[in-house]
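Structural overview
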Amino acid sequence: MDSPRERRLNAEAGPLVRPYALTRGRTRVQGFRLDLVTMLVVTGRSPQERARLALEQQRILEMCRRPATVADLTSEMNLPLGVMHVLLADLYQQGLLEERRAAPLAERPSPEILQRVLDDLRAL
Amino acid sequence: MIFARSDPASSSAEASAASAGDWRDAISADDGSHLALKVLIAGGFGVGKTTLVGAVSEIRPLHTEEVLTDVSTDVDDLHGVEGKTTTTVAMDFGRLAFDDGITLYLFGTPGQERFWFMWDEMAYGAIGAVVLIDTRRLTASFAAIDYFEQRGTPFIVAVNCFEGARAHTLKEIRTALDIDPHVPIVLCDVRERDSAKSVLITLVEHALETA
Ligand SMILES: Nc1nc2c(ncn2[C@@H]2O[C@H](COP(=O)(O)OP(=O)(O)O)[C@@H](O)[C@H]2O)c(=O)[nH]1
Ligand SMILES: [Mg+2]
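Residues numbered from 1 in each chain as written. Chains lettered and ligands numbered in written order. Predicted model: local features only at pLDDT ≥ 70, side-chain atom pairs only at ≥ 80, totals over all residues. Heavy atoms only, no water.

As recorded by an unreviewed UniProt entry, chain B carries the name ATP-binding protein and is attributed to Actinomadura physcomitrii. The heading Sequence similarities (unreviewed entry) in the UniProt record of chain B holds the text "Belongs to the GPN-loop GTPase family." (UniProt positions renumbered as here; feature names shortened; annotations may be inferred.)

For chain A, the name recorded in an unreviewed UniProt entry is DUF742 domain-containing protein, with Actinomadura physcomitrii as its organism.

This is how it looks when you write it as structure tokens:
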């Protein structure tokens, strides 16, 4: 088997990175679920120890002054999703970010919403 | 822990929102009416996923990693892992924003089973999936079709018109794929915006019929 360093997936694989430095080695957060389209917004509370926030987290808070999705934030920060997940969990647990939800969390969008999407696409 | 629901009207964030950069132009509705909805684009390598996403939306970088995927356990201090490298996987990510506050988030990922750790998360709450196929390599789509069938995610099959695709009838393709009669199959050329757009319309129509 290839060693992790040598491993490359295929043409679609991105570069090899070292994501753990930012998260201090943490890769998972208990029970913390974030969808790619979960929308996050700052709570307005100020960090207790601002100095302890990584620059990346300060930038995330800046971006979340208006609601932004996890996908948007991840793309904009150009960090891997798992790393973002840990950074966002920290901010949430510090009470600095909360979820903004325009429709109830559900397995499928409602027919009303689907109809709106359909009308939007047809008008495109 | 699930994020607390915020009251859109009372968030103190609004007052300081003036300096939003252009990266968030699509997210302009700040009154809680903004809706982000997922559409999945599945298919084997080279079948046209990236082309499809790019035809209807602006592609943005989005990477995930194979080792940072299990979010079910406790905060995990992986000693010794600091020096380890991990492979990131690029997803096709595109956004299509509408004036009424809805934004479609298109996600394309490789179709092999090994990438399914991504599919579970992506499929939840999604409008549905487009399984893009190349008639020269039908088997590359079997796993994705199985997955969406079993999960109950609405999906359509879109036949990307590479050379020779039109030599097959849709009926032949349906038989070869062994999919339900109610699952739509459409021909497309994902390089064309209108064609890619009508693929999405067919998917949403189908999702609405089965909603
Ligand atoms: N002839 C033809 N080529 C296509 C079509 N769609 C995509 N391609 C080409 O096929 C190659 C692979 O497409 P890509 O979108 O990267 O596939 P992906 O691996 O699924 O993301 C690219 O060179 C595309 O330009 C099509 O409908 N007809
Ligand atoms: Mg691609």
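As a matter of local geometry, ligand 1 sits amid 16 residues, with Gly46(B), Lys49(B), Thr50(B), Thr51(B) and Asn160(B) nearest to it. In this structure ligand 1 sits where residues from chains A and B come together. Interatomic distance of 2.7 Å between a backbone N/O atom of Gly46(B) and an oxygen atom of ligand 1. Asp189(B) places a side-chain nitrogen or oxygen 3.1 Å from an oxygen atom of ligand 1. Contact with the protein chains removes 71% of the 580 Å² of surface that ligand 1 exposes when unbound. Counting residues per element, the shell around ligand 1 draws most heavily on helix α1 (residues 49–56) of chain B, at three residues. Here the residues of the shell around ligand 1 sort into five nonpolar, six polar and five charged. (Near = heavy atom within 4 Å. Polar contact = N/O pair within 3.5 Å; in protein donor to acceptor, adjacent residues only side chain to side chain. Areas by Shrake-Rupley, 256 points an atom, 1.4 Å probe, with all protein chains shown as cover. Helix = DSSP H or I, 4+ residues; strand = E, 2+ residues; numbered from the N terminus. Nonpolar A, V, L, I, M, F, W, Y, C, P; charged D, E, K, R; others polar.)

Summarising the element assignment, Asp134(B) is placed in the loop between β7 (128–133) and α3 (142–151). For Asp134(B), the contacting residues outside a window of four places in its chain are Val47(B) and Phe162(B). (Contact = heavy atoms within 4.5 Å.)

Among the surface-exposed residues, Asp146(B), Glu149(B), Asp178(B) and Asp180(B) lie close enough to one another that they form a single negatively charged patch. Inspection of the secondary structure assignment puts Asp180(B) in the loop between α4 (170–177) and β9 (185–188). (Patch = residues over 30% accessible without salt bridge, like charges linked within 9 Å, V, L, I, M, F, W, Y side chains within 5 Å. Salt bridge = Lys/Arg side-chain N within 4 Å of Asp/Glu carboxyl O. Lys, Arg positive; Asp, Glu negative; His and termini not counted. Charge placed at Lys NZ, Arg CZ, Asp CG, Glu CD.)

Let's shift gears to the pattern of salt bridges. Per the stated rule, a full pass over the model turns up eleven salt bridges over all chains. Across the pair Asp35(A) and Lys38(B) runs a salt bridge, and its minimum N-O distance is 2.7 Å. Note that Asp35(A) is positioned in the loop between α1 (20–23) and β2 (39–42) and Lys38(B) in strand β1 (residues 35–43), a pairing that runs across two chains. Given the relative accessible area of 2%, Lys38(B) is considered buried. In this structure, the salt-bridge partner of Asp100(B) is Arg116(A), at a minimum N-O distance of 3.4 Å. Of this pair, Asp100(B) sits in the loop between β5 (92–97) and β6 (102–110) while Arg116(A) sits in helix α5 (residues 111–122), each in a different chain. For Asp100(B), a relative accessible area of 28% gives the class partly exposed. Overall, the relative accessible area of 32% leaves Arg116(A) in the partly exposed class. In this structure, a network of salt bridges that share partners links the residues Asp134(B), Arg136(B) and Arg137(B). (Buried < 20%, exposed > 50% of the residue type's maximum accessible area, 1.4 Å probe, protein only.)

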